[in-house]
Amino acid sequence: MPDPQPMSNRQRKIMERQAERNREMAAAKRSETRTPFREAELQFLSRHPPPDYSKALDFRQPVEVLLRDPKIKRVPLHKRISEFSDLFGVKDLQQEGGDLPENAYLHEDHPGLIYIPAAFTPTAQRNLIKGCLKDYSRHPNKSNLDTHYLVPDSGLWDLHENVFTGKQPSDDPSIFVQRKAKVDEQAGGYGSDDDDDNDSKPDNKRPKMKPKSPVPSIRTLVPIMDGTPTVPDNVPKDDPEPSAQVPILPPAQLVRKMRWITLGYQYHWPSKTYHFDQNAPFPEELSILSKAVVDAVDGVGPYPYPADDFVAEAGVVNYYQLKDRLMGHVDRSELNKEAPLVSFSFGHSCIYLLGGPTREKEPTPILLQSGDILVMTGPCRSAFHGVPRIIENTLPTYLQSLPEEPEWDIYADYLSEARINLNIRQVYPPNDSPASPVQH
Ligand SMILES: O=C(O)CCC(=O)C(=O)O
């Protein structure tokens, strides 16, 4: 019998990934702790058969249909959202048509949840997306890539843009971001690209060798603030060790490995606490934007928080590729548990599972769409939540390539396979917070 055809790298990676997924699913199925939250996660993680998305709550369906659900309540904001800040895009309304919301929605099963659908104009969304990809991702804000790579202060996105626009050739050695850890030449480690959707050429000046030990996964979006108790602030917060085996990739591929960046007080993932001594200047427009949301929802739900007391002190930008997910967790690292957490969604839609104080409560799947705002107040602030699924083919047309705006192309290209979440928190109780510098 002839030898079977050797497997291509791509086939091998697909098989490995499938096997990993099968193992995960099997482990979860075997687990005795199959809580209602986990059950819901499994439903939405499933590829075959695909999930039933019609089970998800869509706050953008016609209001008369939405309000047929007796658990949903519509509450007017005290002014139309556009009146709280120009950042929602009020200036574009004349040109773009449409209107911005004057109502928010509450859900009887989730006290403290406040939902504002379609809160931004397309132009306002594009501006914030540019901020998330190009500006906020720069130092001193840290990203998951900083653990392993020497990302330049000018930012990874700038390198990507230089190549994308032809300003620098794609084989220019200076566009490759180097590893922090020294590579042991014996052990190899170059070019172990783990993307199965990667068709661009690796730098052929570098030997393509298989790493001898597994590459630490930077694909998985880890549950960043999960339910485990936080450690006291006097525990040493060492940085995780850089790996010498992460692949050297062209910027267009490395940007797709970016999973999160942290704003303001930097977060120490291993101990699940903030670095209270590492306070990066908080982007001013995001301070204004989040305060405007807290102001807009003042009096809307049963857990008011004065906008004057709200200070944007920490934030996370989560970057999701289509296959990523964020497993159920509770955000409990902030010292101020009364302040609302304000969360913005851009790009592809996702399924967001909102549960209760434990995983025993059955979560509600919510369809989060580009431009929606979710505010967690009161008990909802401590509820389990997660993102088991990014939904393919849901990128709004206004975020795709625009003939009249060629500089948007690079963002449209990125978003064609991505979702971005920006969430903002207050860390300290009001008046307890050390003055935080503001970025101008
Ligand atoms: O992506 C989202 O909408 C949720 C993100 C989240 O839960 C988190 O950053 O803690």
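Just so we're clear, the structure is a prediction, and the values are computed from it rather than from any experiment.

Parameters and conventions
- Residues numbered from 1 in each chain as written.
- Predicted model: local features only at pLDDT ≥ 70, side-chain atom pairs only at ≥ 80, totals over all residues.
- Heavy atoms only, no water.
- Helix = DSSP H or I, 4+ residues; strand = E, 2+ residues; numbered from the N terminus.
- Buried < 20%, exposed > 50% of the residue type's maximum accessible area, 1.4 Å probe, protein only.
- Contact = heavy atoms within 4.5 Å.
- Areas by Shrake-Rupley, 256 points an atom, 1.4 Å probe, with all protein chains shown as cover.
- Pairing = 2+ DSSP bridges.
- Axes fitted to C-alpha atoms, helices over the stretch in contact; angles between N-to-C directions.
- Salt bridge = Lys/Arg side-chain N within 4 Å of Asp/Glu carboxyl O.
- Near = heavy atom within 4 Å.
- Polar contact = N/O pair within 3.5 Å; in protein donor to acceptor, adjacent residues only side chain to side chain.
- UniProt positions renumbered as here; feature names shortened; annotations may be inferred.

A.B. asks: Just give me the short version of the overall build of the protein, but keep the residues and values in it.
C.D. replies: When you go through the protein residue by residue, the secondary structure sums to nine helices and 16 strands. Residues counted as buried form 53% of the 440 residues belonging to the protein. Considering only contacts within the protein whose residues lie at least 6 apart along the sequence, 80% involve residues at least 24 apart. Per element, the accessible surface of the protein, about 20600 Å² overall, is 52% carbon and sulfur.

A.B. asks: Tell me about the sheet that holds strand β9 (residues 326-329), residues and numbers included.
C.D. replies: Taken in spatial order, the four strands line up as β9-β14-β11-β12 in an open sheet, and their pairing is antiparallel. Two strands bound the open sheet, and with one partner strand each, they are β9 and β12 (364-368). On average, adjacent strands in this sheet sit at an angle of 25° to one another, irrespective of strand direction. Pairing geometry for strand β11 (residues 350-354) and β12, over five bridges, is antiparallel. Considered in β12, the bridge of I351 is made with L367. Sheet strands in contact with helix α2 (residues 36-45) are β9, β11, β12 and β14 (385-390), and its direction is about 15° off that of β14.

A.B. asks: Break down α2 for me, with residues and values.
C.D. replies: Along an α-helix, residues three or four positions apart point the same way, because every turn accommodates 3.6 residues. α2 sits mainly inside the fold: seven of its ten residues count as buried. For α2, the set of buried residues is F37, R38, A40, E41, L42, F44 and L45.

A.B. asks: Mind laying out the pattern of salt bridges, listing which residues take part and the relevant values?
C.D. replies: Side chains that differ in sign of charge can pair as their charged atoms come close. Per the stated rule, a full pass over the model turns up 17 salt bridges. E161 serves as the salt-bridge partner of K134, at 2.7 Å between the closest nitrogen and oxygen. Taken together, the residues span a long stretch of sequence, with K134 in helix α5 (residues 122-135) and E161 in helix α6 (residues 156-164) at a distance of 27 residues. Each of K134, D135, R138, D158 and E161 takes part in salt bridges that share partners, so that together they form one network.

A.B. asks: Give a description of the site of the ligand that names residues and reports values.
C.D. replies: Neighbouring residues of the ligand: 14 residues in total, closest N318, Y320, H329, H385 and R419. Contacts to the ligand include Y320, whose side-chain N or O atom sits 2.4 Å from an oxygen atom. One nitrogen or oxygen atom from the side chain of R419 is found 2.8 Å from an oxygen atom belonging to the ligand. When isolated, the ligand has an accessible area of 300 Å², and the protein chains bury 97% of it. Put simply, the parts of the chain that give the shell around the ligand at least two residues each are β8 (314-321), β9, β14 and β15 (418-425).

A.B. asks: For the pairing of strand β3 (residues 113-116), give the residues involved together with the corresponding values.
C.D. replies: When a strand is regular, its side chains alternate between the sheet's two faces. A two-sided burial pattern is seen for β3, the buried positions comprising L113 and Y115 on one face and I114 and I116 on the other. Bridging between β3 and strand β13 (residues 373-376) involves four bridges; their strand directions are antiparallel. Counted as the bridge partner of Y115 is L374 from β13.

A.B. asks: Can you tell me about the pairing of strand β5 (residues 260-268), naming the residues and giving the values?
C.D. replies: Most of β5 is tucked away: nine of the nine residues are buried. Where β5 lies against β8, five bridges are found, and the strand directions are antiparallel. In the strand pairing of β8, G264 is matched with A314. Where β5 and strand β6 (residues 273-279) come together, three bridges link them in antiparallel fashion. By the bridge assignment for β6, Y265 is matched with N279.

A.B. asks: Please give an account of the UniProt feature "binding site: Fe cation" (unreviewed entry) in the protein that cites residues and values.
C.D. replies: Under the local residue numbering, the UniProt record ascribes the feature "binding site: Fe cation" (unreviewed entry) to H329, D331 and H385. These annotated residues cover 57 residues of sequence, and their C-alpha atoms all fall within 8.9 Å of one another, placing them together at a single site. Counting through the fold element by element, H329 comes out in strand β9. Here M327 takes part through its backbone oxygen, which lies 2.9 Å from a polar atom of the side chain of H329. Within the secondary structure layout, D331 lies in the loop between β9 and β10 (341-347). According to the relative accessible area criterion, D331 is buried, its value standing at 5%.

A.B. asks: Can you lay out the side chain of S333 for me, pointing to particular residues and giving the numbers?
C.D. replies: Within the element layout of this structure, S333 appears in the loop between β9 and β10. A polar atom in the side chain of S333 sits 2.6 Å from the side chain of Y267. One polar contact links the side chain of S333 to the main-chain carbonyl oxygen of K272, over a distance of 3.1 Å.

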